[in-house]
Amino acid sequence: MPLLDAARAVRENAHAPYSRFKVGAALRTTTGAVFSGCNVENVAYPEGTCAEAGAIAAMVAAGETRIAEVAVIADSPSPVPPCGGCRQKLAEFADGDVVVTMATTAGQSATLTVAELLPGRFAADHMGNG
Ligand code: THU
């Protein structure tokens, strides 16, 4: 799967000296462009950022905002799902039916949609002005 290959490649660049848990994420937009990101930790631990957040930032910086597909990979005993914060970040730019493939470096994988990952998400219409 090409998107997973992009996630696997960018994972090598993760800066994870504190957790030693490298994560790679890649997303394809509705125009077909692929953006990737890795986790970037910091000695001030809460300042670290997730792989998904990096991929989203690269997408937005390139002028794109609609996600069609996502892949995440880590060296984990089971496929790693996006954290809670990243689920909300993905939902900002992805419809509920967008598929998120979660994989391990050993070759396991699982898929869930954005809606399955974040049921009942907070959305603009909750503010009454969306
Ligand atoms: N991490 C990600 O980058 N994405 C996820 O989906 C789960 C967690 C990172 C954050 C931190 O650098 C490390 O994994 C351990 O939590």
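Asker: Tell me about the site of the ligand, residues and numbers included.
Answerer: All residues in the neighbourhood of the ligand are listed as S19, F21, V23, N39, E41, C50, A51, E52, P81, P82 and C83. Separating an oxygen atom of the ligand from a backbone N or O atom of A51 is a distance of 2.8 Å. Between the ligand and the protein, one listed contact pairs an oxygen atom with a backbone N or O atom of P81 at 3.4 Å. Residue composition of the shell around the ligand, grouped by class: seven nonpolar, two polar and two charged.

Asker: Can you tell me about the environment of V98, naming the residues and giving the values?
Answerer: Looking at where V98 falls in the secondary structure, it is placed in strand 4 (residues 94-104). Sequence-wise, V98 and A57 are 41 residues apart; in three dimensions their C-alpha atoms are separated by 18 Å. Residues within four places of V98 in sequence aside, it is in contact with I67, A68, E69, V70, L112, T113 and V114.

Asker: Explain the state of the cysteines residue by residue, including any values.
Answerer: Under the criterion given, the structure shown has zero disulfides. With no disulfide of its own, C50 has C86 as its nearest cysteine by sulfur position, at a separation of 3.8 Å. Under the relative-accessibility criterion, C50 is labelled partly exposed at 30%. The closest cysteine sulfur to the non-disulfide-bonded C86 is located on C83, 3.8 Å from its own sulfur. Given the relative accessible area of 2%, C86 is considered buried.

Asker: Which residues make up helix 1 (residues 2-11), and what are the values?
Answerer: Within the sequence span of helix 1, burial applies to L3, L4, A7, V10 and R11. One side of helix 1 carries all its buried residues, which in axial view fall inside an arc of 130°. Buried residues along helix 1 sit in contact with strand 1 (23-29), strand 2 (34-38), strand 3 (67-74) and strand 4.

Asker: Describe the sheet that holds strand 1, naming the residues involved and giving the relevant values.
Answerer: Read from one edge of the open sheet, five strands run 2-1-3-4-5, paired in mixed fashion. Sheet topology places strand 2 and strand 5 (109-113) at the edges, where each strand pairs with a single neighbour. Strand after strand, the sheet turns through a mean of 15° between neighbouring axes, direction not considered. Inspection of the sheet shows strand 1 paired to strand 3 by seven bridges, in the antiparallel sense. The residue bridging A25 from the neighbouring strand is V72, located in strand 3. Along the sheet, helix 2 (residues 51-61) contacts strand 1, strand 2 and strand 3; its crossing angle with strand 2, the most-contacted strand, is approximately 140°.

Asker: Outline the packing of helix 2 against helix 3 (residues 84-93), supporting the account with residue identities and numerical values.
Answerer: The geometry of helix 2 relative to helix 3 is characterised by a closest axis approach of 10 Å and an angle of 25° between their N-to-C directions. Judged by the angle between their axes, helix 2 and helix 3 are roughly parallel. Note on packing geometry: the crossing formed by helix 2 with helix 3 is left-handed. Listed contacts from helix 3 to E52, A53, I56, M59 and V60 of helix 2 are C86, K89, L90 and F93. For the contact of helix 2 with helix 3, the per-class residue count stands at seven nonpolar, no polar and two charged.

Conventions we followed
- Residues numbered from 1 in each chain as written.
- Predicted model: local features only at pLDDT ≥ 70, side-chain atom pairs only at ≥ 80, totals over all residues.
- Heavy atoms only, no water.
- Near = heavy atom within 4 Å.
- Polar contact = N/O pair within 3.5 Å; in protein donor to acceptor, adjacent residues only side chain to side chain.
- Nonpolar A, V, L, I, M, F, W, Y, C, P; charged D, E, K, R; others polar.
- Helix = DSSP H or I, 4+ residues; strand = E, 2+ residues; numbered from the N terminus.
- Contact = heavy atoms within 4.5 Å.
- Disulfide = S-S within 2.5 Å.
- Buried < 20%, exposed > 50% of the residue type's maximum accessible area, 1.4 Å probe, protein only.
- Arc of directions from axis to C-beta.
- Pairing = 2+ DSSP bridges.
- Axes fitted to C-alpha atoms, helices over the stretch in contact; angles between N-to-C directions.
- Parallel < 35°, antiparallel > 145°, perpendicular 65-115°, else oblique.
- Left-handed = near helix turned anticlockwise from the far one by under 90°.

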